[in-house]
Amino acid sequence: MKEIKAIIQPFKVSEVTDALEAIPGVGGITILDVRGFGHQRGSNGLEAYAHGSVNYMTKVMLLLVVTDALVNTVLATIQQHAHTGNIGDGKVFVSPVEDVLRLRTGERGDAAL
């Protein structure tokens, strides 16, 4: 199993989540409002950059855990639907998950997804 954290532009959330929900086996998505900055220090490339200042940009983090077999499909879907080609499109992080426990049923591992 893998945990996927996708930090994307807020206006792309509906498009990305609709596409992810259409993938059989994607059981759920957690959506968090986040703020931060990347290489451009919060500049979108259009406004003047003031030395030493950081503008925290508003983004959305999608968090989901999927089976290993779905990782490439999920990554391709996020890439296709979150991409604008502009600075600040975001990033996706993939991490291993050792175990999952569904609290309601006690199921563990892939069955809990």
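Quick caveat: nothing in here was measured; it's all calculated off a predicted structure.

### So, the environment of Val-26
Tracing the sequence through the fold places Val-26 in the loop between helix H1 (13-21) and strand S2 (30-36). For the pair Val-26 and Leu-70, spaced 44 residues apart in the sequence, the C-alpha separation amounts to 8.1 Å. When neighbours within four sequence positions are excluded, Val-26 is seen to be in contact with Leu-20, Leu-64, Val-66, Leu-70 and Val-74.

### Overview of the pattern of salt bridges
For the structure on display, the rule yields 5 salt bridges. A salt bridge links Lys-12 to Glu-15, with the shortest nitrogen-to-oxygen separation between them at 3.0 Å. For Glu-15, a relative accessible area of 35% corresponds to the partly exposed category. Between Asp-99 and Arg-108 there is a salt bridge, with the nearest N and O atoms lying 2.3 Å from each other.

### Digging into the nonpolar core
Residues Val-66, Val-74 and Ile-78 are the most contacted members of the largest nonpolar core, which totals 17 residues. Counting residues per element, the ones that place at least two in this core are strand S1 (2-8), H1, strand S3 (57-66) and helix H2 (71-82). Apart from residues no more than four positions distant in its own chain, Ile-78 is found in contact with Ile-4, Ala-6, Val-16, Leu-20, His-83 and Val-92.

The rules behind the values
- Residues numbered from 1 in each chain as written.
- Predicted model: local features only at pLDDT ≥ 70, side-chain atom pairs only at ≥ 80, totals over all residues.
- Heavy atoms only, no water.
- Helix = DSSP H or I, 4+ residues; strand = E, 2+ residues; numbered from the N terminus.
- Contact = heavy atoms within 4.5 Å.
- Salt bridge = Lys/Arg side-chain N within 4 Å of Asp/Glu carboxyl O.
- Buried < 20%, exposed > 50% of the residue type's maximum accessible area, 1.4 Å probe, protein only.
- Core = buried A, V, L, I, M, F, W, Y, C linked by side-chain atoms within 4.5 Å.

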